[in-house]
Amino acid sequence: MFSSAVGRFRLLALAEAVSWAGLLIGMFFKYVVVGNEIGVKVFGPIHGAIFVGYVLVTLMLAHRWDRKTLILGLVASIPPFGTVVFERWANKTGRLEEVEGQTAND
């Protein structure tokens, strides 16, 4: 899965959505239920790191996509679970197909 940019993209798209869920749950407990910040303190940095990774791997795929697709991929990182929706769409439309002879740096 880490051997290609597409594999890294798929993994980080899912991880970004999961970390968003964790952060949202942490915010719910902080502001609604108990006022405890532990969930935000744990998931905030995790989500931040995964978000940066997602943006970087999306930029790594910029040479394969037109400008509109790249912008959609980057904007998808903002709303919760947008990365999963974008990844499914990109896969369905053939934008995530592996290229013959692709190296680990592609």
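Presented here is an overview of the structure given in this document. (Residues numbered from 1 in each chain as written. Predicted model: local features only at pLDDT ≥ 70, side-chain atom pairs only at ≥ 80, totals over all residues. Heavy atoms only, no water.)

## Concerning the overall build of the protein chain
Next up, step 1: Within the protein chain, the regular secondary structure consists of four helices and zero strands.
Next up, step 2: Listing the helices and strands of the protein chain from first to last along the sequence gives α-α-α-α.
Next up, step 3: Summarising its shape, the C-alpha atoms of the protein chain cover approximately 55 × 25 × 20 Å along the three principal directions.
Next up, step 4: Looking at the protein chain residue by residue over its 106 residues, the buried ones come to 33%.
Next up, step 5: Partitioning the intrachain contacts of the protein chain with sequence separation of at least 6 by distance along the chain shows that 65% fall at a separation of at least 24.
Next up, step 6: Accessible surface, the protein chain as shown: approximately 6500 Å² in total, 68% of it carbon and sulfur.
Next up, step 7: Taking the 10 positively charged and 8 negatively charged side chains of the protein chain as two groups, their mean positions are separated by 6 Å. (Helix = DSSP H or I, 4+ residues; strand = E, 2+ residues; numbered from the N terminus. Buried < 20%, exposed > 50% of the residue type's maximum accessible area, 1.4 Å probe, protein only. Contact = heavy atoms within 4.5 Å. Areas by Shrake-Rupley, 256 points an atom, 1.4 Å probe, with all protein chains shown as cover. Lys, Arg positive; Asp, Glu negative; His and termini not counted. Charge placed at Lys NZ, Arg CZ, Asp CG, Glu CD.)

## With respect to the packing of aromatic side chains
Next up, step 1: The tally for this structure, following the rule as stated, stands at six aromatic pairs.
Next up, step 2: Between Phe9 and Trp65, the ring centres sit 5.7 Å apart and the planes meet at 80 degrees, which makes this aromatic pair edge-to-face. Separated by 56 residues along the polypeptide, Phe9 in helix α1 (residues 5-33) and Trp65 in the loop between α2 (38-60) and α3 (67-75) bring together distant segments of the chain. Both residues of the pair, Phe9 and Trp65, count as buried.
Next up, step 3: Between Phe28 and Phe29 the ring centres are 5.8 Å apart and the planes differ by 85 degrees, which places this aromatic pair in the edge-to-face class.
Next up, step 4: On the basis of relative accessibility, which here comes to 45%, the residue Phe28 falls in the partly exposed class.
Next up, step 5: Residue classification places Phe29 among the partly exposed positions, given a relative accessible area of 40%. (Phe/Tyr/Trp six-rings, centres within 6.5 Å; stacked < 30°, edge-to-face > 60°.)

## Observations concerning the pattern of salt bridges
Next up, step 1: A complete count under the given rule lists two salt bridges for this structure.
Next up, step 2: The closest approach of N and O atoms between Arg10 and Glu87, which form a salt bridge, is 3.3 Å. Here Arg10 is found in helix α1, whereas its partner Glu87 is found in helix α4 (residues 82-92), with 77 residues between them in sequence.
Next up, step 3: With relative accessibility at 28%, the residue Arg10 sits in the partly exposed group.
Next up, step 4: Between Glu37 and Lys30 there is a salt bridge whose closest N-O contact spans 3.9 Å.
Next up, step 5: A relative accessible area of 37% means that Glu37 is categorised as partly exposed. (Salt bridge = Lys/Arg side-chain N within 4 Å of Asp/Glu carboxyl O.)

## Quick word on α2
Next up, step 1: With 23 residues, α2 ought to run about 33 Å at 1.5 Å a step, and its terminal C-alpha atoms sit 34 Å apart, in line with that.
Next up, step 2: For α2, every residue scored as buried is listed here: Gly39, His47, Ile50, Gly53, Tyr54, Val57 and Thr58.
Next up, step 3: Buried residues along α2 sit against α1, α3 and α4. (Expected span 1.5 Å × (residues − 1).)

## What about the environment of Leu24?
Next up, step 1: Along the polypeptide, Leu24 turns up in helix α1.
Next up, step 2: You can call Leu24 partly exposed: its relative accessible area is 34%.
Next up, step 3: The sequence separation of Leu24 and Gly39 amounts to 15 residues, and the corresponding C-alpha distance is 8.8 Å.

## Digging into the nonpolar core
Next up, step 1: With 12 residues, the main nonpolar core is built from Ala5, Val6, Phe9, Ala13, Tyr54, Val57, Leu61, Trp65, Ala76, Phe86, Ala90 and Leu96.
Next up, step 2: Considering every element that reaches this core, the biggest residue donor is α1, with four residues.
Next up, step 3: Filtering out sequence-adjacent residues up to four positions away, Phe9 remains in contact with Tyr54, Val57, Thr58, Leu61, Trp65, Phe86, Glu87 and Leu96. (Core = buried A, V, L, I, M, F, W, Y, C linked by side-chain atoms within 4.5 Å.)

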